[in-house]
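A structural walkthrough
Spelled out, the chains give:
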Amino acid sequence: MNHIKREDGTEFDDWYRLFSYGGLGKLIFYIKSNNLKFKFINVEPEEVEQLKNEFLQKKATQENALKAKLDGLDINSVDWSFMKEPPYDYQKQAVLFFELANGKALLGDQAGVGKTLSAITYAVKQNYKTLIICPAGLKFLWKREIERFAGKDSYIFKYIPKKKTREIIIPKENCQFHIINYEGLESFIKLQFNHKCTFHDCEWKITDIKKKYKTCPGCFRENTVKSRLVNEMIFQDNDGIELNPKDYALVILDEAHRIKTQKISLTKTVKKAFGNIPHRLLLTGTALLNKSYELFSLLNFIDSDEWKNQHQFGLRYCGGKETQFGWNFDDNTNMLELNERISPYTLRRLREEVIEFLPEVTRTVIPIELTKEEWREYSKIEKNVLDETEENDTDINHLARLQKLKQYLSEIKTKRTIEFTQDFIDGGNKVVVFSSFVKTADNIANAFIEQSVVFHSKRNPTQKQEAVDAFMTDDKIKVFSGGIQSAGVGITLVSSNTLIFNDLDFVPGNMEQAESRIIRQSTKHQNVQIIKLICQDTIDESINQLLETKTKVITQVLDRKEYVNNETIVEYSDNIIKDLVKIMIDKKNGR
């Protein structure tokens, strides 16, 4: 639409605006509803009516979603038996909310509440071919959750299992769910550019994925090639595997705050590549807690017609001010209006609001995939350990060699642990992190300098007590980084409901004692979350399996009211180390 004219044919020149397709429908609805006499140029009457009806349908969808959120959602009207394991009631409510919002929504439940299952259930209920984009450390967690709760197969892009696992990869075409991490997108999605030499005697031109040419390949002159981004994109990696957005009815962005900044390349890539997938769910526990300005990018991805102009958004809702350093949008203004506008798209529940549905303890194992470089280094260390391992060697030597493998894996997991910890902090939680090594505990604490305390064997008693007191009483201290053995006994850390094990101990009793720091009768929280990071296809998996087996044995003994003293637990400790040595010996001998 170029102009709006009066009935007499004169142009209305006092103002003009550029409208998006959705915005034009809103304008038409306003004009027709108020019986304003305007003529539309270059828009047929049928198109005018269609635009108006589309706007009304969209408006009704938003109003229904808002009304349902206010009035409650009738989860009993649905037969949930299509899931292998049914979700909790509040997760069912999220599924119905997604439906009312036509699959365009932001689920902002607090970290640890269980956003993943809500999204999986919605995808299964609708039978949508689904693309899940998540951080690298969560790919296999998504796969496990899909298999556990939905009984469905999923395909992870760029995943090649180790031969020894004998894992069978289900073909991509046979899987409803496809999973890729944010960092992996760049190997599949490539922008295309038109290049043309502007020198009058040179006719060289080409379309490719190169951003620019300093020198013309045709006439070899410098700075004569003009480059322009085209709308076409390539969705194929170097091995010929395709990731085509047109294949999907639903895209799920986990930890969606990764695209909160409009100008970074990741945000541009995600929006350009996947912004036209019909249904788009964003999962994040942090989006509604930070600066309002950061919320715009997520809203724009959900509904680009309604949320078109970030600058206008910043002026209205972020107290936009022009300073000598540029525009500042760090304030929050007109919050009631903003809350009303985003309500049809957003749903957020705090842990205390759904605590009645949660078990006392939620345990999660997060599988960590080693990169090629990490796997190469781990294999080198493992080979040296195997070469040195002899069955009749001393326990001390066995332990020292096993610790070499554990320490390298601890360094790998530290980065992932820091990322998960940051997500929980952003969601308003305090976090306890336990590790087996002083260096790891220090590195984790140093990642949150003014928000953390550290507690390990190198700290004196006064420093240790100060760390506990600060974590328990100071709201600014969000992270307690401690050693499993040094901080796992004799202290109380119940100001937190989240415990992350960066490493595993060899003794089941030590792990149980560490968990007890936040699982106490005096705990402030009825639900606590225990998270273990496990590196796939490494000694980590063997340790975890043995620990779980031994823990079950101890639990069975205790349940029969039999007394288990410290010597018995030490005996279990010897058994797990001996079992690990046996695994290493068998591997050395090719069994």
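Summary of the structure given here. (Residues numbered from 1 in each chain as written. Predicted model: local features only at pLDDT ≥ 70, side-chain atom pairs only at ≥ 80, totals over all residues. Heavy atoms only, no water.)

1. Quick notes on the overall build of the protein chain
When you go through the protein chain residue by residue, the secondary structure sums to 17 helices and 20 strands. Residue burial in the protein chain is summarised as follows: out of 591 residues, 48% are buried. Partitioning the contacts of the protein chain with sequence separation of at least 6, the portion at a separation of at least 24 is 71%. Carbon and sulfur atoms make up 47% of the accessible area of the protein chain, which amounts to about 31100 Å² in all. (Helix = DSSP H or I, 4+ residues; strand = E, 2+ residues; numbered from the N terminus. Buried < 20%, exposed > 50% of the residue type's maximum accessible area, 1.4 Å probe, protein only. Contact = heavy atoms within 4.5 Å. Areas by Shrake-Rupley, 256 points an atom, 1.4 Å probe, with all protein chains shown as cover.)

2. Quick word on the sheet that holds strand β5 (residues 154-156)
Within a sheet, adjacent strands bond to each other through the backbone by hydrogen bonds, running parallel or antiparallel. On the basis of which strands lie adjacent, the open sheet formed by seven strands has the order β5-β6-β4-β10-β11-β3-β14 and parallel pairing. At either margin of the open sheet sits one strand with a lone partner, and together these are β5 and β14 (346-347). Where strand β3 (residues 104-107) lies against strand β11 (residues 279-283), four bridges are found, and the strand directions are parallel. Bridging across to β11, K104 finds its partner in R280. (Pairing = 2+ DSSP bridges.)

3. A word on the packing of helix α11 (residues 372-388) against helix α12 (residues 395-426)
The interhelical angle for the contact between α11 and α12, taken along N-to-C directions, is 165°, at an axis separation of 8 Å. Of the possible angle classes, the one that applies to α11 and α12 is roughly antiparallel. For the pair α11 and α12, the sense of crossing is left-handed. The segment α11 lies against α12, with E373, E374, E377, Y378, I381, E382, V385 and E388 engaging R401, K404, L405, Y408, L409, I412 and R416. Grouping the amino acids of the contact of α11 with α12 by side-chain chemistry returns seven nonpolar, no polar and eight charged. (Axes fitted to C-alpha atoms, helices over the stretch in contact; angles between N-to-C directions. Parallel < 35°, antiparallel > 145°, perpendicular 65-115°, else oblique. Left-handed = near helix turned anticlockwise from the far one by under 90°. Nonpolar A, V, L, I, M, F, W, Y, C, P; charged D, E, K, R; others polar.)

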